[in-house]
Amino acid sequence: MSTNTRRGYLAAAIHAAGHPITTEQAVQLLDGSPWATGRNTVRKQLGGLARAGVLVATDVAGRRTYTLNAPKDNAR
């Protein structure tokens, strides 16, 4: 995914972080980037990445976290 878009940049930042993130952590990842924005927009971007299959959303103790969707290995 290209980093020329907010979603691409966010996906790359989540990949670089290497751990599940919350919306607030995603906001912090975007701070200082050309794509810095508010919490509501980041929430929408995370939801879009989850719908596209790039991220997996998980609710834990009332908090939603996002992790990278690991590609399935179809080789046998």
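Residues numbered from 1 in each chain as written. Predicted model: local features only at pLDDT ≥ 70, side-chain atom pairs only at ≥ 80, totals over all residues. Heavy atoms only, no water.

Engineer: Can you explain the overall build of the protein chain? Please cite residues and give values.
Structural biologist: Along the protein chain, the regular secondary structure elements total 3 helices and 2 strands. Listed by position from the N terminus, the elements making up the protein chain come as α-α-α-β-β. Taking 11 Å as the expected radius of gyration for a compact globule of 76 residues, we find that the protein chain reaches 12 Å, a close match to that expectation. The buried share among the 76 residues of the protein chain stands at 28%. Put simply, of all contacts in the protein chain between residues at least 6 apart along the chain, 43% involve residues at least 24 apart. As displayed, the protein chain offers around 5000 Å² of accessible surface, 50% of which is attributable to carbon and sulfur atoms. One finds the centroid of the 10 positive side-chain charges in the protein chain at a distance of 8 Å from the centroid of its 4 negative side-chain charges. (Helix = DSSP H or I, 4+ residues; strand = E, 2+ residues; numbered from the N terminus. Rg over C-alpha atoms; globule rule 2.2 N^0.38 Å. Buried < 20%, exposed > 50% of the residue type's maximum accessible area, 1.4 Å probe, protein only. Contact = heavy atoms within 4.5 Å. Areas by Shrake-Rupley, 256 points an atom, 1.4 Å probe, with all protein chains shown as cover. Lys, Arg positive; Asp, Glu negative; His and termini not counted. Charge placed at Lys NZ, Arg CZ, Asp CG, Glu CD.)

Engineer: Just give me the short version of the nonpolar core, but keep the residues and values in it.
Structural biologist: Counting 12 residues, the largest nonpolar core consists of L10, A11, I14, I21, A26, V27, L30, V42, L46, L49, L55 and Y66. Contributing elements (two or more residues each) for this core: α1 (6–17), α2 (23–30) and α3 (39–51). If we ignore the near neighbours within four places in the chain, the residues touching Y66 are H19, P20, I21, T23, L46, G47, A50, L55, V56 and A57. (Core = buried A, V, L, I, M, F, W, Y, C linked by side-chain atoms within 4.5 Å.)

Engineer: Give a description of α3 that names residues and reports values.
Structural biologist: Since the α-helix packs 3.6 residues into each turn, any two residues three or four apart lie on the same face. An ideal rise of 1.5 Å per residue puts 18 Å on 13 residues; α3 measures up with 18 Å between its terminal C-alpha atoms. Every buried residue belonging to α3 is among V42, Q45, L46, G47, G48 and L49, and all of these are buried. (Expected span 1.5 Å × (residues − 1).)

Engineer: Let's hear about α2: which residues, and what values?
Structural biologist: Among all positions of α2, only T23, A26, V27 and L30 are buried. The buried side chains of α2 occupy one side of the element, clustering within an arc of 105 degrees when seen end-on. Against α1, α3 and β2 (63–68) lie the buried residues of α2. In the segment just after α2, G32 is the residue with positive phi, at about 85 degrees. (Arc of directions from axis to C-beta.)

Just geometry here; none of it tells us what the structure is for.
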